[in-house]
Amino acid sequence: MRFADDDRARVPFALLGVLLLVGSSTFAASLATPGPEPIDRAADVAADRVEGEVTAAVRTAVRDAARAAARDPVTVAADTPAGRALGTEDPFRRSLRLRIFAAAREAVGPIEHRRGESVAHASFGAGVEDVEGALSRVSVAGRDDGTELRATVRGVAVTVKRNGRVLDSYRTNRTVTVAVPVLALHDRTEAFQARLDADPIAAPGLARRLTVGVTAMAQARGLGQYAGLPISNVVGNRHVALSTNAGLLDAQRASFGHADPEAAAGVRAATLRTGVTDVLGSRTDPRVVAAVTGQLPDPNDAERADAASRPGALPATRTITVGVNDTADEAFVALLRGTDGPSLDSIRRESYRASVSVDADARLVRNGRRPSPRAPGENWTLAYSDVDTSVSIRGGGRSTAVVSAGHRAHRLYAATRRVVERHTVQRTWVKSNATPRTTSASWRDAHRVRVTATGRLGDACGPDRAVDPLFRTGGALGGPNLRGGSSVARDLVAELGGPDAVARRTVTGGRTNARTRFTGDRPDDLSAWVYADVAALRERVRRLSVEVAASDAATGQRNGAARLANRVRSRRAALLNAPGRYDGVADRARIAARAAYLDLVLARLDERAGRTGKQNAGIGRALAAKGISAARANDLADLTPEAPSRRFALGSGSGARGRTAFVPDGDPAYLAPAPVEGPLVDGVDDDERYVGLAVRNHNVFAVPYGDAADLVTRTLFGDPGRVSLHAAGQSLVAADRTLAAHPNATLRARTDHLRSRVAQSMDHIRKRATRTLARESSLSRRETETVVRRAFAQWDGPGERAVAATDGSLAAAVASAAIEEGAARENDGSRRVAEDRIRTALRVDLRDAATSADVRVSQAAVEDAVSAIRGLLREEARARAGAATERAIARASNGTVGGIPAGLPILPTLNPWVATANVWVVESRGAYGRFAVTTDSGATTYVRDGSSVVFDVDGDGEPEVLGRNERIGFRVRTVAVVAVPAGKLGVGDTDGNVDERSVAWAGPAPGPRCVTPTGRCPRE
């Protein structure tokens, strides 16, 4: 509709004119007539003044209540009427609202303003007697990251009176915003507590940081111990405490944007006191130090800028290599001896074994057809007939050319004959009353007969391929190549009477085929050639490996041997490298030997996988006995450090408060396992001492024997009371070395006992070495005994010999001595083979003997000697070091205290030895006596000290218990997993204290406490 057409709500023009006329007359009259006296505005002014004062009072009340709520926050409601009214859903904010109501009620009550006869005053109306009623009158919200508090107070009553008469009464709400960051302080503190409570796998926080820190420290120190540094306690409670406090610093930075300066200084001091830099020095990855100590690089440091691009994995998450290694030797010796299948000699022999068969076939080339009987006359009857046949053979000569007849068959002999049969039939006829008559008839048949002799190769381990040349000289090595098959074929035909006789019998009936087997001559250098080829394959197979995460292997979550077997199986064809056509029989023999060897390797890898599976199950049992899931331990080991948090402030520049920084302040700043005097801890009575941290670490596999290791090895050895020869030998070496520098009657007696046990086991090794040399060499019995005695004499005693037997050096020494004695006396080519065979056989046999159950040593004998060594080690430390570092102890003792083996070998049979692993169960429980967070201006402080909070809810002068604030505390239980390469002394705590507990880890509820009979802390 157009505007011009719309007449809705229009006023007639005439009416407008009347109104204008009347209005102007009225206005003129009013100017000429004087009015009444002015209205009294005093009541309005009084009301305005009261409302303004109410706003100011509410703002002050909100500010004061917010600061009071920060000083005494309620985080847990009490079981009182007032506490129950607060409820469990965010009691802090509800208590804040309660404080605001009470403060506003008190601030608004006195507000009154008089103006002349008028008076205005404010109040909260009818009294509020309960918490719910008070809470319904107040609401709060945060603004600008919670740095500002916006509060609304509802139902403020304003009454205006004049001369006692109520002129007006109404209710109003007041909403104010104050620059008190009470909500941000509380929320950030709760976020800090949440980080302390977070599951390490689920979320970042203290537990994750502690796990990464302790694992990094353990791995770094474990590698140092493996390298020979004098580290007897890889993971100590001092390391757990340091990593805990470093994690607290990290959580403070992440939650508040800043860390407690005193706490940071405490971590730096503890780092020096712990001896990280002195013990590890330049060996330590800088990321390890950062993970352990919580130290942050300069914000402008290039290392920090590059941190995002570098991999986050520390040495704690390194991988280990699971290789074929010695399994290659085991399969090779099994092939030489034929212990689990055909031997190398039998493969070479069978490769030159073939069969020759003679067959004949005939084809009718002329059919003379036998004449039908014809009677000599009427009434003659055929009485009988007689056929006479004569056979003649025509043709001659034979073919000896070798012709292929398939992949493995060749025709070695062929002869063709024409066989002619001449038949004459005599028929006798009879007739009644007549003399019998005879008639005759003849015909001729002709046959073409072919006599052949075919040579066929037998089955072999390798792929079925054509062989060329075959049954004739040539091919690889240029040997006879079964050329004798033609002679065998001729002889076999001759045994059948020759080709004429075979041809005759083919037509007339009789034996016409025959078969025989023969073994052809082999080239003189075939054995050395095939041996060298398989030996080269052995070295190639030896280098095959797979990478497995160290944590996976240490916690039994991956079967590296099974993965390795699958890898070798998938590469079998490439390793076999069979040609499309064999270059003669020698080439076929070479590939057959390769195939048999690879099958043996795979069989032994499958056996390793089975042993690894049993070990993994044992690791699971050992960890479960400590209350740890192997899968969780593995997940914890895979954790990597997060990027350090940068400093930050809250709020915005445009807000009422502006940018605000929070500074945490914990008492004590550094939570130590040792007691701290009360005057240094706010919130604790000055006459008491406070222990803010209780820590415990338990080394699961401190030694390669004992309860935990027995759970792993029981299925493999069945006797949990015996120790591997390797561990026993290392312990004996340590005892001898310690005894030489520290004469001690107890240690001497225990060492002598252990020496006798180890010597008994070494007698078994000596006998095995003698048998192996007698089997694999050309030495006489006396020469063999001399060689073994000379090789064993290279080590001073049974302990050193036992270690040498398990690390392979004894086998190498025996082999070298045997070769020097002339154990391989053949020609040059065969001598290299003989030497390799002797070395390989000794490696396999002595390793097998040294890791067998037969040579395991009494656990009691080993433990007695080791415990005596530990006692002397502790005395050495006390006498030399005091608070000195481990390196200083080493310099003082000059290496006179022997090393003790530790850790769980993977595989525990040490055959093969993949790595040594260990696990520490780490627990940390702590709490601040008082934890405060202050704004950078210092105007507001949020405090958590575990105190009760009382407040006068109803204004009757009697405070009610609202609840309490919880101390900032934590409970962490995690795992540190370490793996080092195979060999040496392994990794683990060797000081004898496998379950290390701090002073506060005592009683049924270990944790932070005061040094009082009850552990409770009296208030200041």
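Residues numbered from 1 in each chain as written. Predicted model: local features only at pLDDT ≥ 70, side-chain atom pairs only at ≥ 80, totals over all residues. Heavy atoms only, no water.

S.K.: Just checking my understanding: could you explain the confidence of the model for the chain for this structure?
M.R.: Any residue range with low pLDDT should be treated as having predicted coordinates unsuitable for detailed reading. Averaged over all residues, the pLDDT of the chain is 84; the fraction at 70 or higher stands at 86%. A low-confidence stretch, residues 296-317 stays under pLDDT 50, and its non-local contacts, those more than four residues away or across chains, total 37 contacts. For the stretch residues 881-885, pLDDT sits under 50, and the model shows 5 contacts to residues farther than four places along the chain or on other chains. (pLDDT = per-residue confidence, 0-100. Contact = heavy atoms within 4.5 Å.)

S.K.: Help me understand the pairing of strand β12 (residues 434-457) in this model?
M.R.: Strand residues, when the strand is regular, have side chains that alternate between the two faces of the sheet. Pairing of strand β8 (residues 353-366) with β12 involves 12 bridges; the strand directions are antiparallel. Residue pairing for β12: A362 is matched across the bridge by V449. The pairing of strand β11 (residues 409-431) with β12 spans 21 bridges and is classified as antiparallel. Looking at β12, one finds that V419 is bridged to H447. Where β11 folds back on β12, the antiparallel hairpin that results is connected by 2 residues, among which N433 adopts a positive phi of roughly 60°. (Pairing = 2+ DSSP bridges. Helix = DSSP H or I, 4+ residues; strand = E, 2+ residues; numbered from the N terminus.)

S.K.: Explain the packing of aromatic side chains here, please?
M.R.: One pass over the structure, following the stated rule, counts 8 aromatic pairs. Ring plane angle 85° and centroid distance 5.2 Å describe the contact between F101 and F124, whose orientation is recorded as edge-to-face. Residue F101 is located in helix α4 (residues 91-108), and its partner F124 is located in the loop between β3 (118-123) and α5 (131-135); the two are separated by 23 residues in the primary sequence. The exposure classification of F101 matches that of F124, with both residues buried. Residue placement shows R538 over the ring face of F332; its charged tip is 4.5 Å from the ring centre. Above the ring of Y226, the side-chain terminus of K984 is found at 4.8 Å from the ring centroid. (Phe/Tyr/Trp six-rings, centres within 6.5 Å; stacked < 30°, edge-to-face > 60°. Buried < 20%, exposed > 50% of the residue type's maximum accessible area, 1.4 Å probe, protein only. Lys NZ or Arg CZ within 6 Å of the ring centre and 35° of its normal.)

S.K.: Would you take a moment to explain the side chain of E776 for this structure?
M.R.: Here E776 shows up in helix α25 (residues 745-776). Reaching out from E776, the side chain makes a polar contact with the side chain of R337 at a distance of 3.1 Å. Not counting residues within four places of it along the chain, the set of residues in contact with E776 comprises R337, R837, I838 and A841. (Polar contact = N/O pair within 3.5 Å; in protein donor to acceptor, adjacent residues only side chain to side chain.)

S.K.: How should I be thinking about helix α13 (residues 326-337) in this particular structure?
M.R.: In an α-helix, one full turn covers 3.6 residues, which means residues spaced three or four apart are oriented alike. For α13, spanning 12 residues, the distance from its first C-alpha to its last is 17 Å, which sits close to the expected 16 Å at 1.5 Å a residue. Judged by how many residues are buried, α13 sits mostly within the fold: 11 of 12 residues are covered. Inspection of α13 places T327, A328, D329, E330, A331, F332, V333, A334, L335, L336 and R337 among the buried residues, and these make up the whole buried set. Backbone geometry just downstream of α13 places G338 in the positive-phi region, at approximately 70°. (Expected span 1.5 Å × (residues − 1).)

S.K.: Help me understand the side chain of R208, please; the structure alone is not making it clear to me.
M.R.: Within the secondary structure, R208 is located in helix α7 (residues 206-227). Here P200 takes part through its backbone oxygen, which lies 2.8 Å from a polar atom of the side chain of R208.

S.K.: I tried to follow the packing of α7 against helix α8 (residues 237-256) on my own but got confused; where do I start?
M.R.: Helix packing for two helices is described by the angle between their axes and how far apart those axes are. The N-to-C vectors of α7 and α8 enclose an angle of 140°; their axes lie 8 Å apart at closest approach. If you check the angle between α7 and α8, you find them oblique. Crossing geometry of α7 relative to α8 is assigned as right-handed. Contact residues: L206, R209, L210, G213, V214, M217 and R221 in α7; R238, H239, V240, S243, T244, A246, G247, L248 and D250 in α8. Residues belonging to the contact of α7 with α8 are distributed by class as follows: 7 nonpolar, 5 polar and 4 charged. (Axes fitted to C-alpha atoms, helices over the stretch in contact; angles between N-to-C directions. Parallel < 35°, antiparallel > 145°, perpendicular 65-115°, else oblique. Left-handed = near helix turned anticlockwise from the far one by under 90°. Nonpolar A, V, L, I, M, F, W, Y, C, P; charged D, E, K, R; others polar.)

S.K.: Can you help me understand the environment of R837 in this one?
M.R.: The topology assignment puts R837 in helix α29 (residues 828-850). Given a relative accessible area of 24%, R837 falls into the partly exposed group. A C-alpha to C-alpha distance of 9.5 Å links R837 and A535, two positions 302 residues apart in sequence. Residues contacting R837, with those up to four places away along its chain left out, are L336, Y531 and E776.

S.K.: In this structure, what is going on with the pattern of salt bridges? I would like to understand it.
M.R.: The full count for this structure, using the stated rule, is 40 salt bridges. For D90, the salt bridge goes to R93, with nearest N and O atoms at 3.5 Å. Of the residues examined, D90 reaches a relative accessible area of 31% and is grouped as partly exposed. The shortest N-O distance in the salt bridge between R632 and D199 comes to 2.7 Å. Taken together, the residues R632 in helix α22 (residues 630-637) and D199 in the loop between α6 (182-197) and α7 connect sequence positions 433 residues apart. What makes R632 partly exposed here is its relative accessible area of 31%. Residues joined in a network through salt bridges with shared partners are D329, R538, E539, R542, D836 and R843. (Salt bridge = Lys/Arg side-chain N within 4 Å of Asp/Glu carboxyl O.)

S.K.: Explain helix α21 (residues 584-625) to me, please; I cannot follow it from the model alone.
M.R.: Spanning 42 residues, α21 covers 62 Å between terminal C-alpha atoms, matching the ideal 62 Å at 1.5 Å per step. In the segment just after α21, G627 is the residue with positive phi, at about 80°.

S.K.: So what exactly am I meant to see when it comes to a positive patch on the surface here?
M.R.: A contiguous patch of positive charge on the surface is contributed by R366, R394, R418, R422 and R444. By the element assignment, R366 lies in strand β8. (Patch = residues over 30% accessible without salt bridge, like charges linked within 9 Å, V, L, I, M, F, W, Y side chains within 5 Å. Areas by Shrake-Rupley, 256 points an atom, 1.4 Å probe, with all protein chains shown as cover. Lys, Arg positive; Asp, Glu negative; His and termini not counted. Charge placed at Lys NZ, Arg CZ, Asp CG, Glu CD.)

S.K.: I'm lost on the environment of T840 in this one. Help?
M.R.: Take T840: it is sitting in helix α29. Along the primary structure T840 and A812 are separated by 28 residues, whereas in three dimensions their C-alpha atoms are 9.1 Å apart. Excluding its chain neighbours within four sequence positions, the residues that come into contact with T840 are D329, F332, V333 and R538. At 3.2 Å, the side chain of T840 forms a polar contact with the side chain of R538.

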